[in-house]
Amino acid sequence: MTDVGAVPGLAAIRRVLRDRAVFVGDGFLHLRAWWRAPEILADLGPALAALHADGPRPTVIAGNQSSGYMLGPLVAAHLGLGFLALRKAPAEVVSALNTAPISEYEVLALDPEALTPADRVLLVDDLVETGTQARAARALVEGAGATWLGVAAVTAYEEYPELGVRALIRWEELR
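1. Focus on the overall build of the protein
A tally of helices and strands in the protein yields six helices and nine strands. Radius of gyration (C-alpha) of the protein: 16 Å, near the 16 Å computed for a compact globule of 175 residues. For the protein, the spread of C-alpha atoms along the principal axes amounts to about 45 × 35 × 30 Å. Expressed as a percentage of the 175 residues in the protein, the buried residues total 45%. Accessible surface for the protein amounts to roughly 8,400 Å². Of this, 52% is attributable to carbon and sulfur atoms. Taking the average place of the 15 positive charges on the side chains of the protein and the average place of its 21 negative ones, the gap between the two points comes to 6 Å.

In structure tokens form, the structure reads like this:
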């Protein structure tokens with residue numbers, strides 16, 4: 001994961017994320033505590049953008065449905081970029097879109113005209129658990145001829161270096 005010293009303000013946001021983490025049931029991270037805190041929302045866009053500041057500048061920020069739909073625009077607005085929504089859908093209902101499987105019954109879908117080969121895409125998400133959705137997003141981005149820059153996540157179970165996953169806080173630090 002990203003070194004704390006590499007991202008301005010990262011130590012403070014990590015502390016708030018850890019202090020506000022709420023787990024329910026069998027270890028399910030309930031995000032309501034984070035999304036209801038305006039100080040977290042205000043800091044997430046700049047903090048997530050900073051995770052990949054050492055690489056090529058993205059031309060568009062992508063986000064998976066549903067938390068990526070909220071977090072992605074925070075990063076996009078901070079960087080002055082547009083946002084690309086990647087939709088989760090049952091495989092049989094998205095035939096007009098480019099798709100990549102995320103489960104036996106569900107795909108991640110992208111409008112085939114949404115990207116050009118000149119685009120550089122950074123995916124933003126709340127949690128990278130297995131990397132399946134990030135792999136599907138990468139397949140869609142590269143299938144459109146665009147450049148995959150990686151993933152900026154709030155938290156991740158692992159680093160997944162082949163996907164370029166960088167997270168604000170490690171999953172185990174939230175427990």
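After presenting the structure, the write-up continues.
2. Let's talk about the sheet that holds strand β3 (residues 60-64)
If you walk across this open sheet you meet the seven strands as β5-β6-β4-β3-β7-β8-β9, and the pairing is mixed. Each edge of the open sheet is held by one strand with a lone partner, namely β5 (98-101) and β9 (165-170). Taking the axes of each pair of neighbouring strands and ignoring which way they run, one obtains an average angle of 25 degrees across the sheet. Looking at chain direction, strand β4 (residues 82-90) and strand β6 (residues 106-110) are connected through four bridges and run antiparallel. Along β6, the bridge assignment pairs Lys88 with Leu108. In the packing of helix α1 (residues 10-20) onto the sheet, contacts are made with β8 (147-156) and β9, and the angle to β9 comes to roughly 65 degrees.

3. Here's the deal with the pairing of strand β7 (residues 120-128)
The buried fraction of β7 amounts to seven of the nine residues, a majority that puts the element mostly inside the structure. One ladder, built from eight bridges, connects β7 with β8; its direction is parallel. From the neighbouring strand, Arg120 faces β8, where its bridge partner is Thr147. Crossover β7 to β8 through helix α5 (residues 132-143) is right-handed.

4. Digging into the packing of aromatic side chains
Tallying each qualifying case throughout the model produces four aromatic pairs. Plain terms: the ring middles of Tyr69 and Phe83 are 6.2 Å apart, the flat faces sit at 85 degrees to each other, and that makes the pair edge-to-face. Taken together, the residues span a long stretch of sequence, with Tyr69 in helix α4 (residues 67-79) and Phe83 in strand β4 at a distance of 14 residues. On the basis of relative accessibility, which here comes to 32%, the residue Tyr69 falls in the partly exposed class. Looking at Phe83, the relative accessible area reads 30%, which means it is partly exposed. Both rings, one in Tyr157 and one in Trp171, keep their centres 4.7 Å apart while their planes meet at 35 degrees; by these two values the pair is tilted. In this pair, Tyr157 sits in the loop between β8 and β9 while Trp171 sits in helix α6 (residues 171-174), placing the two residues 14 residues apart along the sequence. The partly exposed category is assigned to Tyr157, whose relative accessible area is 33%. Residue classification places Trp171 among the buried positions, given a relative accessible area of 13%. Of the aromatic side chains, those joined through ring pairs into one cluster are Phe23, Tyr157 and Trp171.

Criteria and thresholds
Residues numbered from 1 in each chain as written. Predicted model: local features only at pLDDT ≥ 70, side-chain atom pairs only at ≥ 80, totals over all residues. Heavy atoms only, no water. Helix = DSSP H or I, 4+ residues; strand = E, 2+ residues; numbered from the N terminus. Rg over C-alpha atoms; globule rule 2.2 N^0.38 Å. Buried < 20%, exposed > 50% of the residue type's maximum accessible area, 1.4 Å probe, protein only. Areas by Shrake-Rupley, 256 points an atom, 1.4 Å probe, with all protein chains shown as cover. Lys, Arg positive; Asp, Glu negative; His and termini not counted. Charge placed at Lys NZ, Arg CZ, Asp CG, Glu CD. Pairing = 2+ DSSP bridges. Axes fitted to C-alpha atoms, helices over the stretch in contact; angles between N-to-C directions. Contact = heavy atoms within 4.5 Å. Right-handed = clockwise from strand over helix to strand, strands pointing away. Phe/Tyr/Trp six-rings, centres within 6.5 Å; stacked < 30°, edge-to-face > 60°.

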